[in-house]
Amino acid sequence: MNDLKQRIAYNKRWDTAFMIAGLLSTLVGFFLLTALMIDLFMDGAERLSYTFLTSFPSRFPEKAGILSAWVGSFLVLLVTVFAAIPIGIAAGIYLEEYARKNWITNFIELNIVNLAGVPSIVYGLLAVGMFVQIMKLGESILTGGLTLGLLILPMVIMATRESIRAIPTMIREASYATGATKWQTVRWHILPYSMGGILTGIIIGLSRAIGETAPIITVGALTFIAFLPTSPISYEFPFFSVKWFMDPFTVVPIQMFNWVSRPQQAFQVNAAAAGIILMVMTLLMNGIAIYIRYRFRKRIKW
Amino acid sequence: MVNETTKALARNLNFHYGAVQALRNINIPIFEKQVTALIGPSGCGKTTFLRCFNRMHDLYPNNRYEGEIILYPETRNIISPDVDPIEIRMRISMVFQKPNPFPKSIYENVAYGLRVRGVSDKRFLDERVETSLRGAAIWDEVKDRINSLAYELSGGQQQRLCIARALATDPEIILFDEPTSALDPSATSKIEELIMELKNTVTILIVTHNMQQAARISDRTGFMMLGELIEFDQTVKIFTTPSEKLTEEYITGRFG
């Protein structure tokens, strides 16, 4: 009897030991992130103001702002969204629902998985060759957006496939058994039921894209832009304009990079403030992703 | 038996999953407005046989049919490669083993088959949805919450909803693939009553692992084993004086 108690006590010591080790490991991640945030805030909070968001960069740190940078980030992401989403979703659906399983599709699948691991600067090189030199799109918002679109395309395809795979076979069969075609099944079942997972994947991809610097520098985004692109909304018919596609641009991380590389301390503060904005944008997008996932999962349970 | 018109006829039917032969030379007549039941131990091919009737096997690669399933009155071989499986599925509907409603409203579940056929007239849809739900004996339970999610129904109700979905398109044959195997006894007896009611208007082919069920609801029974049809006859005869020794051993519970 006593032996047994001793044994249990011994066993439980290991239990406790691992619990403590596990807790510490968890806290490492949490504290590092918190420390990073606090540090960023301490450095940059003093520069955060409305004028910081509405001013162009300047030689004088106290006058400099990130207007052209966040507008650039926003417009580049807009192009990314419209380029990567339709292609990514369509490719994902094709691979899951239409493609026959043979060595060609296996090969394509393997390549898509590998593409997700390609360093982003390589995408930048590819984009310089394809969009700037061959297609002559210039060092423009369009080029930047398409480059980031390429970067997140494998993520969108994989998110689409994962969430399509989660739909049980019996739901597909129920649809086909009523005489539905493949497209009707995709349109009325596969797409709506997998939308939550797809949107989550897209937003996670976009929050990675918004922080990308290397490929954007490679395609030739400028570090100093003291003007805004042409407005997408015009006051004459047809009330919108795509001239901004071809305008030069900068994005928030490039603006940060530019400030960090200056010797003056005041510019370091600006960089931290821009970092806060970038963090807030990213966290906001992740928040939206979590909310969407929650909303869609609530309706559907297999 | 008043009605003895043949609705469908399997003739020398063979079926292969890749290199594996699952059905061997099956010959079965399906009579109009009767319940035909298929019994047999697991893996005997009864579900495989059922799924030939709406060409479900066409959804997956490397499946191969041989022989014929003739559909009357037009005497057409529905497993022939030049017959469009979609056309067949529009005429022969199916109820599955586990209730599988779509994660949509009760109304949309029933209306789905009609929407697939391009029906959008609201009045016609409303009317068909109601008749089908009545036909599946579930109207009274759901008429006040026709727009709520189908998943809020109990398992037995979901299965009757699936029957309503199958009825909505006015099929010539309904295939039932072990429709009560996931249900409790009281839900099971409701479905059985419903099937006996339905045979007044539609031809029914049902696969069941439950011999008592076959005895209770069917007019004809086929006993299958290892991909072959051992015996096919009137249900009463199969369960009282089967001609094959294997059938007798199976229904008396000596194996299976």
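What counts as what
- Residues numbered from 1 in each chain as written.
- Chains lettered and ligands numbered in written order.
- Predicted model: local features only at pLDDT ≥ 70, side-chain atom pairs only at ≥ 80, totals over all residues.
- Contact = placed C-beta atoms within 7 Å.
- Helix = DSSP H or I, 4+ residues; strand = E, 2+ residues; numbered from the N terminus.
- Nonpolar A, V, L, I, M, F, W, Y, C, P; charged D, E, K, R; others polar.
- Core = buried A, V, L, I, M, F, W, Y, C linked by C-beta atoms within 7 Å.
- Buried ≥ 20, exposed ≤ 12 C-beta atoms within 10 Å, placed from the backbone.
- Pairing = 2+ DSSP bridges.
- Axes fitted to C-alpha atoms, helices over the stretch in contact; angles between N-to-C directions.
- Parallel < 35°, antiparallel > 145°, perpendicular 65-115°, else oblique.
- Left-handed = near helix turned anticlockwise from the far one by under 90°.
- Domains from an automatic or database assignment.

**Some details on the interface of chain B and chain A**
Part 1: Between chain B and chain A, the contact holds 19 residues from the first and 17 residues from the second.
Part 2: Those elements giving two or more residues to the side of chain B that touches chain A turn out to be helix H2 (85–91), strand E6 (92–95) and helix H3 (106–116) of chain B.
Part 3: Here the side of chain B that touches chain A is built from residues that sort into twelve nonpolar, five polar and two charged.

**Focus: the nonpolar core**
Part 1: Within the largest apolar cluster, 73 residues are counted, with the highest numbers of intra-cluster contacts made by Ile69 and Ala164 of chain B.
Part 2: In this structure Ala164 of chain B touches Val110, Ser132, Leu133, Gly135, Ala136 and Ile138 of chain B, once residues within four positions along its chain are discounted.
Part 3: Among the nonpolar cores identified, the runner-up in size contains 60 residues, and Leu77, Val81, Met155 and Met285 of chain A belong to it.

**Examining the sheet that holds strand E9 (residues 220–225) of chain B**
All names here are of chain B.
Part 1: Pairing is mixed in the open sheet, where six strands are placed in the order E6-E7-E8-E3-E9-E10. Unpaired on one side and paired on the other, E6 and strand E10 (228–234) mark the two borders of the sheet. Across the sheet, the axes of successive neighbouring strands diverge by a mean angle of 20°, strand direction being ignored.
Part 2: Where E9 meets E10, six bridges bridge the pair, whose relative direction is antiparallel. Across the sheet, Met224 pairs through a bridge with Leu229, a residue of E10.

**Concerning the environment of Phe30 of chain A**
Residue and element names in this part refer to chain A.
Part 1: Of note, Phe30 is situated in helix H1 (residues 2–44).
Part 2: Looking at Phe30, the number of C-beta atoms within 10 Å reads 9, which means it is exposed.
Part 3: Measuring from C-alpha to C-alpha, the distance between Phe30 and Ala289 comes to 21 Å, with 259 residues separating the pair along the chain.

**Examining the pairing of strand E4 (residues 63–71) of chain B**
Residues and elements named next belong to chain B.
Part 1: Alignment of strand E1 (residues 6–17) against E4, held across eight bridges, turns out to be antiparallel. Residue Ala10 lies in a different strand from E4, and its bridge partner there is Ile69.
Part 2: Pairing of E4 with strand E5 (residues 76–77), which is carried by two bridges, proceeds in the antiparallel orientation. Paired with Ile70 across the strands is Asn77, a residue of E5.
Part 3: Linking two consecutive strands that pair antiparallel, namely E4 and E5, is a turn of four residues; a positive phi of about 55° is found at Thr75 within it.

**Focus on the packing of helix H3 (residues 67–98) of chain A against helix H8 (residues 182–209) of chain A**
Residue and element names in this part refer to chain A.
Part 1: Relative orientation of the contacting elements H3 and H8 amounts to 135°, with a least axis distance of 9 Å. In terms of axis orientation, H3 runs oblique to H8. The hand of the H3/H8 crossing is right-handed. On the side of H3, the interface is formed by Leu77, Thr80, Val81, Ile85, Ile89, Ile93, Glu97 and Tyr98, while H8 contributes Lys182, Val186, Ile190, Ile198, Ile202, Leu206 and Ala209.
Part 2: Across the contact of H3 with H8, the residue classes break down as twelve nonpolar, one polar and two charged.

**Structural notes on the environment of Arg47 of chain A**
Residues and elements named next belong to chain A.
Part 1: Note on placement: Arg47 falls in the loop between H1 and helix H2 (50–54).
Part 2: Arg47 sits in the buried class, given 21 other C-beta atoms within 10 Å.
Part 3: Discounting chain neighbours no more than four positions away, the residues touching Arg47 are Phe52, Val269, Asn270 and Ala273.

**Some thoughts on the domain arrangement of chain A**
Residues and elements named next belong to chain A.
Part 1: Segmenting chain A into domains produces domain 1 (2–47) and domain 2 (50–299).
Part 2: The C-alpha-based centres of domain 1 and domain 2 are spaced at 35 Å.
Part 3: Counting from both sides, the interface comprises six residues of domain 1 and, opposite them, eight residues of domain 2.

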